[in-house]
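# Coordinate analysis (summary)
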Amino acid sequence: GPVVALVPAAGRGVRLGESTPKAFVPVGGTPMVRLAVEGLIASGAVDRIIVMVPTELVDSAVALLPPTGSVQVVVGGAERIDSVRAGITAAPDAAYFLVHDAARALTPPELIARVTAELRAGRPAVVPGLPVTDTIKSVDAAGAVTGTPERAGLRAIQTPQGFAADLLRSAYATEGIQATDDAGLVERLGVGVHTIPGDPLAFKITTPLDLRLADAVLDGAGI
Ligand code: CTP
Ligand code: MG
């Protein structure tokens with residue numbers, strides 16, 4: 001069955017602080033959402049792409065995305081989870097979903113292909129992750145350290161996150177759920193989530209420093 005990529009691009013980009021919603025901010029001259037969609041197409045692994053954008057930007061998204069029948073634009077929601085749910089609803093025919101942030105605009109197509117290959121090989125939930133380089137501590141509300149998890153057992157998780165379609169539909173079936181990633185919802189169903197090695201270029205463009213880094217990468221200035 002079809003592999004459908006869902007691209008959440010409906011956020012405001014508060015931390016980036018530009019006047020335009022983040023997914024429409026250019027990196028190396030091209031809007032992030034277009035770069036993300038081009039990466040999905042270049043992977044050769046995706047049959048259809050659904051992009052979720054703010055209501056007022058549907059027309060501009062259609063205008064700036066590749067003019068192919070396999071790319072569709074729908075209205076996102078107030079929270080990322082609402083945007084992903086809108087994409088799930090728009091693809092009742094999907095056999096597999098890839099959920100891929102527009103803000104991870106430089107994600108190598110090869111990583112997208114690796115996630116999809118694991119899905120097709122029968123893994124129900126696949127996420128890319130990198131070893132963390134900082135020491136991570138838990139703290140309480142007053143800032144006091146409550147613990148230091150062993151770093152070797154931690155991964156910083158990226159997208160695309162891949163799922164058997166019915167599994168993701170089940171994970172989203174309950175209203176009012178909250179999670180910072182889609183795999184977190186699947187874990188709550190008691191289904192095992194598999195990690196594969198991520199890629200540094202799949203970093204999420206979140207802050208002005210991230211944007212400068214992404215611009216430098218596309219300039220060929222290197223990383
Ligand atoms: N996203 C979305 N719908 C929302 C919120 C976020 O589709 N209501 C998307 C963003 O457009 C982004 C991805 O989810 O591609 C990851 O979210 P994040 O990096 O947090 O982007 P923003 O929410 O736009 O940024 P911020 O949290 O700084 O406002
Ligand atoms: Mg956000």
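Being a predicted model, the structure only gives us computed values, none of them experimental.

Direction vectors running N to C along helix α1 (residues 32-43) and helix α4 (residues 109-120) enclose 60°, while the axes themselves pass 8 Å from each other. Between α1 and α4, the crossing angle belongs to the class labelled oblique. Crossing of α1 against α4: the hand is right-handed. Contacts between α1 and α4 pair Gly39, Leu40, Ala42 and Ser43 from the former with Pro109, Ile112 and Ala113 from the latter. Residues that form the contact of α1 with α4 fall into these classes: five nonpolar, two polar and no charged.

This paragraph deals with helix α7 (residues 208-218). Residues of α7 that are buried: Asp210, Leu211, Ala214 and Val217. In a view along the axis of α7, the buried residues occupy a sector of 120°, so they form one face of it. Exposed positions of α7 whose direction lies more than 90 degrees from the buried face are Leu209 and Arg212. Buried residues along α7 sit in contact with β2 (26-27) and α1. A positive phi of about 80° marks Gly220, the residue just after α7.

Glancing now at the confidence of the model for the protein chain. In the predicted model, the protein chain carries a mean pLDDT of 96, and the fraction of residues at 70 or more is 99%. Two summary scores accompany this predicted model of the complex, namely pTM at 0.97 and ipTM at 0.99.

Val33, Ile49, Val51, Leu65 and Leu98 are the most contacted members of the largest nonpolar core, which totals 30 residues. Elements represented by at least two residues in this core include exactly β1 (3-8), α1, β4 (48-53), α2 (58-64), β5 (71-75), β6 (96-99) and α4. Of all the elements, α4 adds the most residues to this core, at four residues. Within the second largest apolar cluster, 24 residues are counted, among which are Val84, Ala91, Leu168 and Val186.

Here we come to unusual backbone geometry. Cis peptide bonds are those with omega within 30 degrees of zero, and the linkage from Thr159 to Pro160 qualifies with 10°. Position of Pro160 among the secondary structure elements: in the loop between β10 (155-157) and β11 (161-164).

Cut-off values and rules
Residues numbered from 1 in each chain as written. Chains lettered and ligands numbered in written order. Predicted model: local features only at pLDDT ≥ 70, side-chain atom pairs only at ≥ 80, totals over all residues. Heavy atoms only, no water. Axes fitted to C-alpha atoms, helices over the stretch in contact; angles between N-to-C directions. Helix = DSSP H or I, 4+ residues; strand = E, 2+ residues; numbered from the N terminus. Parallel < 35°, antiparallel > 145°, perpendicular 65-115°, else oblique. Left-handed = near helix turned anticlockwise from the far one by under 90°. Contact = heavy atoms within 4.5 Å. Nonpolar A, V, L, I, M, F, W, Y, C, P; charged D, E, K, R; others polar. Buried < 20%, exposed > 50% of the residue type's maximum accessible area, 1.4 Å probe, protein only. Arc of directions from axis to C-beta. pLDDT = per-residue confidence, 0-100. Core = buried A, V, L, I, M, F, W, Y, C linked by side-chain atoms within 4.5 Å.

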